[in-house]
Amino acid sequence: MSETRVLVVEDEADQRSLVSSILRSRKYLVAEAESLAAARVQLEASPVDLVLSDWKLPDGDGTELLQEVRAEHPGVAFITVTAYGTIARAVEAIRLGADDYLAKPFERQALLLAIEKVLRSRRLEDENRRLAEELGERDRLVDLVGSAPSMQRLFHRVEKLAATDATILLTGESGTGKELAARALHALSRRAEGPFVAVNCAAIPEGLLESEFFGVEKGAYTGADRSRPGNFAAADGGSLFLDEVGELPTAIQPKLLRVLQEGRFTPVGGSREQAADVRILAATNRDLTVEVEAGRFREDLYYRLNVVPLQMPPLRDRREDVPRLVEHFTARAARRHGVRVGPFPAGVQRRLLDHSWPGNVRELGNAVERLVLLAEDGRVSADDLPAEVTRPARSANGFQLPPGGLSWEAHERSCLQQALEHAAGNRAQAARLLDLPYKAFLYRLEKHGLS
Ligand SMILES: Nc1ncnc2c1ncn2[C@@H]1O[C@H](COP(=O)(O)OP(=O)(O)OP(=O)(O)O)[C@@H](O)[C@H]1O
Ligand SMILES: [Mg+2]
């Protein structure tokens, strides 16, 4: 408040100095003007936060000053002072953009209150504008880089959802940043100080799932010589990230459902229930609705997990983010490996932009790291791009039928096999490589006895 500058515009000297001294007693910095002309000079000379102006002035009226201030100093607050009985003028002043009005004669208290109220709402507006600008300009959230509109919307949702305890299901292709988004949700939440426990549901042998999740009581089986907490207990007060939740074997699903519903679980070999305050974040690159239909995923568990869906866009749908991501990964690789590289040649940049990135951000990150590592004397070379990136894009009509024709069945089988190989056995990804719906892909696998 000590830095707030107010310009008092009032032609009557006594009134002016009275108002000024009230304001000075409250530590406002006050400038005075007895006319429109003097007010203009003051406004030019030094910036003010607020203008308190009488309506009737010797060389014009308050509307003129108000309109000038609105046109030239839109950030300056404006309070119009009108004589008693001229409320219509006050209404007009508000219409023209005054923040408030005061009717003469006014009390000292009314004056101070009006000024404080106006300054406070101005400050709030400024703050909101600043936040909005920050949101618009920001190209990352925690570790997530992205300024494409789809990513900006995602950042916004992540921030909103971080404030809640809602269960969130992160979906999206492999390498789109599901885990990174889960970590951001945790880092921005009130649980940030608590643990973030990530469990890869696909990596735990089926027989160990229950003890991994719920822990083991001492003596539960031969060799269990002491109690061991599971993931739910470990994540108490924090977040539990169920990665690749679509791979959960059906046997464990009812038990998981129960914890999600009741927040309680029983360790293996235990008789007492335990409770844990855990926020669940889950991720999958499978289409869980397909898994539900196929009977591999319980519908009730699906609905429990999918309280709020969060879809990560594939990189090919937000290519404008490629240059920023390249910069991000270049800096990261340079830091990691203690090397420095110059700017990427235009040819390399173009290829990076043109590639469709089926492995999404992870694939781009790996390609950039490789370019940085293989750079000679800090010079990045197109020769070091992975073959998939330099190969011309797969196109619908790029395929040439051999002059002698082919066996359709054998061709289809070979495509399926190659897709599975490329995707290292990941069927969802293999289906995407062939641009087939997952179900249609499974059907064809079955047809060829490949499933
Ligand atoms: N928006 C992003 N900004 C910066 N780095 C990203 C972004 N998205 C992903 N990455 C990076 O790409 C890699 C893969 O991300 P992440 O592990 O979160 O993907 P995922 O969706 O969980 O993939 P998967 O389904 O294969 O597990 C990580 O190294 C991550 O840091
Ligand atoms: Mg992941």
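Not measured: the values here are computed from a predicted model.

Asks: Help me understand empty space enclosed by the protein, please; the structure alone is not making it clear to me.
Replies: Inspection of every chain in the model, using the stated rule, returns one cavity of 30 Å³ or more. One number sums up the size of the largest cavity: a volume of about 60 Å³. The wall of the largest cavity is formed by Val-8, Val-9, Glu-10, Gln-15, Val-19, Leu-52, Asp-54, Val-81 and Phe-106. For the lining of the largest cavity, the per-class residue count stands at six nonpolar, one polar and two charged.

Asks: How should I be thinking about the sheet that holds strand β11 (residues 196-200) in this particular structure?
Replies: Sheets are built from strands that pair by backbone hydrogen bonding, the pairs being arranged parallel or antiparallel. Across the sheet, five strands lie side by side as β11-β12-β15-β10-β16; this open sheet has parallel pairing. For this open sheet the edge positions go to β11 and β16 (308-311), each flanked by a neighbour on one side alone. In this sheet, neighbouring strand axes are inclined to one another by 20 degrees on average, regardless of whether the strands run parallel or antiparallel.

Asks: What's the story with the site of ligand 1 in this structure? I'm lost.
Replies: Surrounding ligand 1, one finds 20 residues, the nearest of these being Val-145, Ser-174, Gly-175, Lys-178 and Arg-362. Within the backbone of Glu-179, a nitrogen or oxygen atom sits 3.1 Å from an oxygen atom of ligand 1. Applying the majority rule of atoms within 2 Å of the grid points places ligand 1 in the second largest pocket. When residues of the shell around ligand 1 are assigned to their parent elements, the largest contribution, four residues, is made by helix α13 (residues 322-337). Residues of the shell around ligand 1, tallied by class, amount to seven nonpolar, six polar and seven charged. Three or more residues apiece are contributed to the shell around ligand 1 by two domains, here domain 2 (140-311) and domain 3 (315-390).

Asks: Got a minute to help me understand the pattern of salt bridges in this structure?
Replies: Where side chains of opposite charge bring their charged atoms close, a pairing between them can arise. Under the definition given, this model contains 30 salt bridges. For the salt bridge of Glu-64 with Arg-40, the shortest nitrogen-to-oxygen distance reads 3.7 Å. In this pair, Glu-64 is assigned in helix α3 (residues 62-72) and Arg-40 in helix α2 (residues 36-45), connecting sequence segments 24 residues apart. Where Lys-104 meets Asp-54, a salt bridge forms, and the shortest distance between an N and an O atom there is 3.2 Å. Linking Lys-104 in the loop between β7 (100-103) and α5 (108-137) with Asp-54 in strand β3 (residues 50-54), this pair joins segments that are 50 residues apart in sequence.

Asks: Sorry if this is basic, but what is going on with the domain arrangement of the chain here?
Replies: One frequent convention defines the size of an interface as the accessible area lost when the parts assemble. You can read the domains of the chain as domain 1 (5-133), domain 2 (140-311), domain 3 (315-390) and domain 4 (408-447). Just the C-alpha atoms count here: the centres of domain 2 and domain 4 sit 29 Å apart. Every contact between the two is made by eight residues of domain 2 and, on the other side, seven residues of domain 4. When domain 2 packs against domain 4, the two sides together hide about 570 Å² of surface, and 50% of this comes from carbon and sulfur. Counting every contact that joins domain 2 to domain 4 gives one salt bridge. Applying the counting rule to domain 2 against domain 4 returns one residue pair in polar contact (both at pLDDT 80 or more).

Asks: Mind showing me how you'd approach the side chain of Ser-35 here?
Replies: Looking at the element boundaries, Ser-35 is found in the loop between β2 (29-33) and α2. Not counting residues within four places of it along the chain, the set of residues in contact with Ser-35 comprises Val-9, Pro-58 and Asp-59.

Asks: Just to check I follow, could you spell out the sheet that holds strand β1 (residues 5-9) for this structure?
Replies: Pairing in this open sheet of five strands is parallel, and the strands run β2-β1-β3-β6-β7 from one edge to the other. Of all strands in the sheet, those with a lone pairing partner are β2 and β7, marking the two edges. Direction aside, the axes of adjacent strands within the sheet are offset by 20 degrees on average. Across five bridges, the pairing between β1 and β2 is parallel. Note on β2: the bridge partner recorded for Val-9 is Ala-33.

Procedures and definitions
Along each chain, numbering runs from 1 in the same order as the chain's sequence is written. Each chain is given a letter, starting from A, and each ligand a number, starting from 1, according to the order in which they appear as written. Owing to the predicted nature of the model, reporting of local features is limited to residues with pLDDT of at least 70; listing and counting of side-chain atom pairs is limited to 80 or more, with chain, interface and lining totals taken over all residues. Computation of side-chain values: all heavy atoms of the structure, hydrogens and water removed. The distinction between a cavity and a pocket rests on a 1 Å grid over the protein atoms alone: a 1.4 Å probe fits inside a cavity but cannot get out, while a pocket stays open yet meets protein on both sides within 12 Å along at least five of seven lines, and a residue with an atom within 4 Å of a point counts as lining. Grid points are joined across faces, edges and corners, and a volume is the space filled by probe spheres set on the points. Residues are grouped as follows: Ala, Val, Leu, Ile, Met, Phe, Trp, Tyr, Cys and Pro are nonpolar; Asp, Glu, Lys and Arg are charged; every other residue, Gly included, is polar. Here a strand pair is declared whenever DSSP counts at least two bridges between the two strands. Strands here are runs of E lasting at least two residues and helices are runs of H or I lasting at least four, both read from the DSSP assignment and numbered beginning at the N terminus. Interaxial angle, 0 to 180 degrees, is taken between N-to-C directions of lines fitted to C-alpha atoms, where a helix line uses only the stretch in contact. Whether a residue is near a molecule or strand depends on its heavy atoms: if one lies within 4 Å, it is near. Within 3.5 Å is the distance limit for a polar contact, defined as a pair of N or O atoms, with the added protein rule that one can donate a hydrogen and the other accept it, and that residues adjacent in sequence qualify only through two side-chain atoms. Whether a molecule sits in a cavity or pocket is decided by its atoms, more than half of which must lie within 2 Å of the grid points. Reported domain spans reflect what an automatic or database domain assignment gives. Counted as salt bridges are all cases of a side-chain nitrogen of Lys or Arg within 4 Å of a carboxyl oxygen of Asp or Glu. Whether two residues touch is decided by their heavy atoms; if any such pair falls within 4.5 Å, the residues are in contact. By buried area we mean how much accessible surface two parts lose on assembly, using a 1.4 Å probe and totalling the loss over both.

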